[in-house]
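Structural characterization, general
Here is how the chains run, residue by residue.
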Amino acid sequence: MSEIKPILNTLMRSKAGALLLILQIAVTLAIVSNAISIVSDRVDKLSEDTGYDEQGIIAFTVLTYNRNIDRAKQFKEDMAKLKEIDGVIEAMTVSSIPLSSSGGSWIISDNPDEMQGKRVDSGYIQANHRVVNAFGLKVSEGRDFEPQDESDGTDSQFPSVAIVSRAVANKLFGEGKGLNEFIYSGDNMMKIVGIVETMKSQWPDSKMGDNVMLIPIERSRMYQRVIVKTEPSKRAKIMKLIEPLLLENERQRVIIDVKGLDEAKAQTYQRDTLMIRMLVALIVFLVIITALGIFGLTHFNISKRTKQIGTRRALGARKSAIFSYFLVENTLVTLFGVIAGSIAALYLGGQLMASYNIPALDWSIVLYTGVAMLGMSLMSVYQPAKRAANISPSIATRSI
Amino acid sequence: MLNMQNIGKLYQTEMVQTQALREFNLTVNEGEFIAVTGPSGSGKTTFLNIAGLLESYSSGQYMLDGIDVGKLNDNQRSDLRNQKIGFIFQGFNLIPDLNLFENIEVPLRYRGIKAKERKRRVEHCLEQVGLAGRARHLPQQLSGGQQQRVAIARALAGEPRFLLADEPTGNLDSLMARQVMTLLEELNRAGTTIVMVTHDPELARRTPRNIQIVDGQVADFTLYQGTQAPHVNPQMSVEV
C-alpha cells in the first residue's frame, strides 16, 4: 500500500518540525561530508609511503660543548661503538633528519643561471656515501654513492654528484627524466647519479614534501644529527643504550631527543593528527545530535499522534503498516535533508577549497555520507516506529 | 452476526485486578440496531472494544459473522476489522492533517483498494452524508456535526456489515445529535447492523432494542417499538 502521497500531504500541512529536521540533516551532511573529505585527505597523507625504514631508524642530536675536542674523530669513534651494539645495522652523522620538520633547503635549477632555468625548492641531507642504505631507501634509477663520491663539503671539495627524489627530477627535467643531468645551486654543480622513486623531505606535509636530495658530504657539527639503523625488533632496546654509551665515550656533551623516525614523523604530523581527532569528534557529535533529533522528533510525533495511530489500527491498519508509515515518513524527510545537504556540501567544499589548502570535495563522499545518513535515520526511527506499531487500537475509544 | 458467550475481561496491574466484563452473553442478529447503555465504569467501552476487536478478552467465546475471533492473530484481527466493521467514535477521531477525502479513504488504503475505486467510494460516501463539496477541507474547518458525518462516511466507505458507534452524539448539540441519529437509522434501514453505546436515554429509546450493562454484565434488555420500524426479524435474542 502506497502511503507516500498522504504522508507528503501531511508533511506539507505541518511543516515546522519536518523543516527543522531537514535543516538539521542538511547542515550535518554538509559539514560531515566535508569533514570526512579532509580527514580522508589527512589520513592518506599520514599513511603515504615516505621511502624510509621508519620502524628501524633511531634519530637523535648530539650537542658537543667541549670546544677543544676533535669532533670528527670523536664521531668516528662514536659511530664505530654504536655499530658494535647487537642489532645495529648502520650509524652515521647527517645534516638533518628526514620527516622531522627541521633541516636545510636549497633552490636548485637545471641551469647554471637559475633565473633562466627551471627551479625547484628542495630539502637536502648531507651524509656519508652509505646514506641510502642507512635510510632504508632504494635507488630506482642510476647508482648508489661510492666512497670516492664523498667529500668534507668545503668549497674546493664540494661533491660533484647527488641522488635526488623522483619528484625533483620530474620537476626539473620532465616526467621520467633527470638521470645523469646536471643540477645547480649557487656556485655548486652536481650530476644526478641516482634517483629514488619515493623519498620524503624533512617537511613531508609541505609543498616540497617530495623534494629532497642526498649529497655525499660527511662533516661534523657542534649540533650534530645522528641516525642509527637497527633491526626493528631490537630498536627499543638499542634506543636505551645510546645515551649512556655516547656519554661514556665523552662526557662534555648532551644527547638530545633520542627517538624513532616514526615518532619524528608523528610529531611533524601532530597538527594533522589533532585535526583528524577534532574532525572525527565533530562528525560523531553531529551524527549523534542528528540521530537524537530524528529519534526525538519521531517520539514526539508518536506521542502527539497516539490517538491517531490507535484510530488507524482500529480502521484496519496492521502493525506493519504503522511501522512502515513512520519509516516512510522519516525516509522522506531525510531524503529532502540529504538532497539539500548535498547541494550545501558541494558549495561548502568549493568555498573551503578556495580559502584553504583543501582538496576538492569528491561527490562520492557526499553520496556515501548521504546513504549513511539515510541508514542512521532508519536506525534512529526503528525503535520509536516499533513503539508506535505496538499502540493498541483500543486507544481509539479512550479519552486521552 | 455477533455472538458472545461467557465473555470475561480482566484488567490486571501490579496493584489491582479489575473484572471489567464477567460471563457476558449477547447475540446480535444481522440488521439489528441496538443501543447499549449503562452507568460509567459498567463495562460499555470494554464491550465495545472487544466487539470491535480492538482488544482481546480473557475468557469465553466470541463469534463474529461465523468467525471465532479468539483464534485470530493480530494481522487477521486487523483485516477483519477493516473488512467487516465500521467505527464511529465519540470524538470523531478524524486525522487532523488529512483532508476529508484522505480521511475517508484511510480504511480503503489499508484494504489495498485501487485509487480509482477509492475515489468513487469516497465521493459516494461524502454525498451520502451531505458533504460532497467539501472533500478538500480539513476536519478543523468543519462543525462538530459535520465532522461526525465525515466519521460516519469513513465508517461507511469500507461498506461494513457491522457498525460500532461509541457515543456518536456525545460531543454534539441536540440538533446535530438528531441529524446524526437519523443518518444512523437510515443506514440501519439499508441493512447495516449497528451497535451504539450511549448515555442518552432519548437516543436509546429511538433504537428498536436496548440493553443495559451493569457491573460488566448484561443486566436488562428492552425492546422498544419506537417510531422507526426495526428492519430485522423481531425474533432476535439476547441471552443473559
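The text that follows walks through the structure, step by step, so that each part is easy to find. (Residues numbered from 1 in each chain as written. Chains lettered and ligands numbered in written order. Predicted model: local features only at pLDDT ≥ 70, side-chain atom pairs only at ≥ 80, totals over all residues. Heavy atoms only, no water.)

Description of empty space enclosed by the protein
Where we set the bar: Put plainly, a pocket is an open set of points on a 1 Å grid over the protein atoms alone with protein on both sides within 12 Å along at least five of seven lines, a cavity is a set where a 1.4 Å probe fits but cannot get out, and a lining residue has an atom within 4 Å of a point. Grid points are joined across faces, edges and corners, and a volume is the space filled by probe spheres set on the points. Each helix is a run of DSSP H or I of at least 4 residues and each strand a run of E of at least 2, with the numbering of both proceeding from the N terminus. Charged means Asp, Glu, Lys or Arg here, nonpolar means Ala, Val, Leu, Ile, Met, Phe, Trp, Tyr, Cys or Pro, and polar covers whatever is left, Gly included.
The full count for this structure, using the stated rule, is three cavities of 30 Å³ or more. Approximately 60 Å³ is the volume found for the largest cavity. Leu315(A), Arg81(B), Asn82(B), Ile85(B), Gly86(B), Pro107(B), Arg111(B), Arg154(B), Ala155(B), Gly158(B) and Pro160(B) are the residues that line the largest cavity. At the level of secondary structure, the elements contributing two or more residues to the lining of the largest cavity comprise helix 2 (74–84), strand 6 (85–88) and helix 5 (144–157) of chain B. Grouping the constituent residues of the lining of the largest cavity by class yields five nonpolar, three polar and three charged.

Some thoughts on unusual backbone geometry
All names here are of chain B. What counts is decided by this rule: Residue exposure (1.4 Å probe, protein chains only): buried if accessible area is under 20% of the type maximum, exposed if over 50%, otherwise partly exposed.
For Asn-6, which is not a glycine, the phi torsion comes out positive at approximately 50°. Along the chain, Asn-6 turns up in strand 1 (residues 2–12). Residue classification places Asn-6 among the partly exposed residues on the basis of a relative accessible area of 43%. Backbone geometry places Asp-215, a non-glycine residue, at a positive phi of 50°. Counting through the fold element by element, Asp-215 comes out in the loop between strand 9 (209–214) and strand 10 (217–223). Overall, Asp-215 belongs to the exposed group, its relative accessible area being 55%.

A short note on the interface of chain A and chain B
To keep things clear, this is the line we draw: Contacts are assigned to residue pairs that have any heavy atoms within 4.5 Å of one another. When two parts are put together, the accessible area they lose, computed with a 1.4 Å probe and summed over both, is reported as buried area. By definition, a salt bridge exists where a carboxyl oxygen of Asp or Glu is found within 4 Å of a side-chain nitrogen of Lys or Arg. Any pair of N or O atoms that falls within 3.5 Å is considered a polar contact. Within protein, one atom must be able to donate a hydrogen and the other to accept it, and sequence-neighbouring residues count only if both atoms are side-chain atoms.
With 26 residues of chain A at the interface, the matching set in chain B holds 27 residues. Together chain A and chain B conceal approximately 2,500 Å² of surface at their shared face, both sides included; 52% is due to carbon and sulfur atoms. Sorting the residues of chain A by area buried against chain B places Arg13(A), Leu315(A) and Thr397(A) first, and these three jointly supply 27% of that buried surface. Linking chain A with chain B are three salt bridges, by the criterion used here. Arg313(A) is the partner of Asp74(B) in a salt bridge, and the nearest nitrogen-oxygen pair spans 3.0 Å. In this structure, the connection of chain A to chain B is made through 13 residue pairs in polar contact (both at pLDDT 80 or more). Every element with two or more residues in the side of chain A that touches chain B is listed here: helix 1 (4–13), helix 9 (306–314) and helix 10 (319–355) of chain A. With six residues, helix 9 of chain A is the largest single contributor of residues to the side of chain A that touches chain B. Looking at the side of chain A that touches chain B, its residues break down into eight nonpolar, 10 polar and eight charged.

Focus: the sheet that holds strand 10 (residues 223–230) of chain A
All names here are of chain A. Threshold: By definition, two strands form a pair when at least two bridges between them are found by DSSP. Interaxial angle, 0 to 180 degrees, is taken between N-to-C directions of lines fitted to C-alpha atoms, where a helix line uses only the stretch in contact.
If you walk across this open sheet you meet the four strands as 2-10-1-11, and the pairing is antiparallel. The open sheet is flanked by strand 2 (88–94) and strand 11 (253–260), the only strands paired with a single partner. In this sheet, adjacent strand axes meet at a mean angle of 20° when their direction is disregarded. Taken together, the seven bridges between strand 1 (residues 57–64) and strand 10 define a ladder with antiparallel strand orientation. Each residue of the ladder has a partner; that of Ile-57, found in strand 10, is Lys-229. In the packing of helix 3 (residues 71–84) onto the sheet, the strands contacted are strand 1, strand 2, strand 10 and strand 11, and the crossing angle to strand 2 comes to about 160°. Lying on the sheet, helix 6 (residues 235–249) is in contact with strand 1, strand 2, strand 10 and strand 11; it crosses strand 11 at an angle near 170°.

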